[in-house]
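# Coordinate analysis (summary)
What follows is each chain in one-letter form.
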Amino acid sequence: MKLWIPFATAAGVFVGAAILFGADWDLPPVDTEQLGYAGSGMYLTKDREKQADLQQANVVPEPLYEADPEGDRAGEFYENVQVLGDLSTDQFNLFMASITEWVSPEQGCAYCHNEENLASDEVYTKVVSRRMIQMTQAINTDWQTHVGEVGATCYTCHRGQPVPENVWSRNSGPGKDGRGLGWSGGQNVVGEMVGNTSLPTNALESYLLGDKPIRVHSLTALPNGENMATTKQTEETWGLMMHMSESLGVNCVTCHNSRAFNDWDESPPQRVTAWHGIRMARDINQSYIEGLAPVFPDNRKGPEGDVLKVSCATCHNGVQKPLYGVSMLRDFVDSLGTKTDTGVPDYSTYTPGETQVMGSPDSAALAPATGPEATTLASVD
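Analysis parameters
Residues numbered from 1 in each chain as written. Predicted model: local features only at pLDDT ≥ 70, side-chain atom pairs only at ≥ 80, totals over all residues. Heavy atoms only, no water. 1 Å grid on protein atoms, 1.4 Å probe; cavity = no way out; pocket = protein on both sides within 12 Å on 5 of 7 lines; lining within 4 Å. Points joined across faces, edges and corners; volume = space filled by probe spheres on them. Nonpolar A, V, L, I, M, F, W, Y, C, P; charged D, E, K, R; others polar. Salt bridge = Lys/Arg side-chain N within 4 Å of Asp/Glu carboxyl O. Helix = DSSP H or I, 4+ residues; strand = E, 2+ residues; numbered from the N terminus. Buried < 20%, exposed > 50% of the residue type's maximum accessible area, 1.4 Å probe, protein only.

### Examining empty space enclosed by the protein
As enumerated under the stated definition, the model contains two cavities of 30 Å³ or more in all. Here the second largest cavity is characterised by a volume of approximately 50 Å³. Looking at the second largest cavity, the residues that line it are V150, G151, A152, T153, T156, P322, L323, V326, S327, M328 and L329. Of the residues assigned to the lining of the second largest cavity, the class counts are seven nonpolar, four polar and no charged.

Take a look at the structure:
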């Protein structure tokens, strides 16, 4: 008697039941939108059951009020305002109240400030926030090729959380570099940032921090000595593509033509936007995030000691256009729509709990304020 047959049958029934009734199992219906010619396979499929959750996760908060642009300048009225000093005091106070709601609604002002001395930079999150304001200004001015006129605000990434949900850090997998698994680069383990596949978990490090060549497509069926890309590079590229697809909730054909994935001339215009988005994320991580490593405490770093960095999902949060394309920037153009102070301090000199003013050498707004409330009011930036 073949005893394995009933055991195999029972296992099959168990697995089938787990698939059908498991918490993560999604049943139809789905909505399909044709993007290209019939029969070309160019269509976008959306899980109808997930759309309500996505809508709720991408609601744009209403502005608290409309600020008066007239009156005293914040840099003259408050102390240690280095980036937003050209705002009126009313605009400045609106932005401070808004950033609190966007980033730390539960912690309040104390998340970035010593409430006994609001001007001090001794709380490390204030130093980080100032740099993030500079970063957002740069996104809105230097990267309109990706964000367009919609732009970005602190809420685009934070969504009411001190740390954005979809950030990443180096992760070489169990036994760093995959030792003990027979693979390198963290393969053979599920990578959340590569579409929950076992593709290389260092794909984001290669392309959204480093500038490793992404294109690996050959034009011939057999090797001819022209394309030297390896299978590992192909897997890393595929990992990035899976990440982008999951981050935006789209199919590959949103940016590529199914007839020839490599051909730019036949690709939808979204591919150009995505090309700029990859470079924008890389610039953010290289120019703004990595430099803050001396400021962040260990509990705000990844398991291998590097800072948490941005990915496509950090802004997009599951939809093709963050917040479904609704612009929050239009209400904060004066604070986030132009670059003001672009200086970068030497963050290696920062001491949490002690540093009173963490300013760049070319900061011009460090003189004590002259307003009557200068001793009690200050800024997050």
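We are not done yet, so read on.
### A few points about the pattern of salt bridges
For the structure on display, the rule yields 10 salt bridges. The shortest N-O distance in the salt bridge between D306 and R170 comes to 3.8 Å. Here D306, found in the loop between α10 (270-289) and β4 (309-310), pairs with R170, found in the loop between β3 (167-168) and α8 (203-209); they are 136 residues apart in sequence, far enough to count as distant. With a relative accessible area of 5%, D306 lands in the buried category.

### Brief notes about the layout of surface pockets
Estimates place the volume of the second largest pocket at around 1200 Å³. Classifying every residue of the lining of the second largest pocket by side-chain character gives 12 nonpolar, 15 polar and 11 charged.

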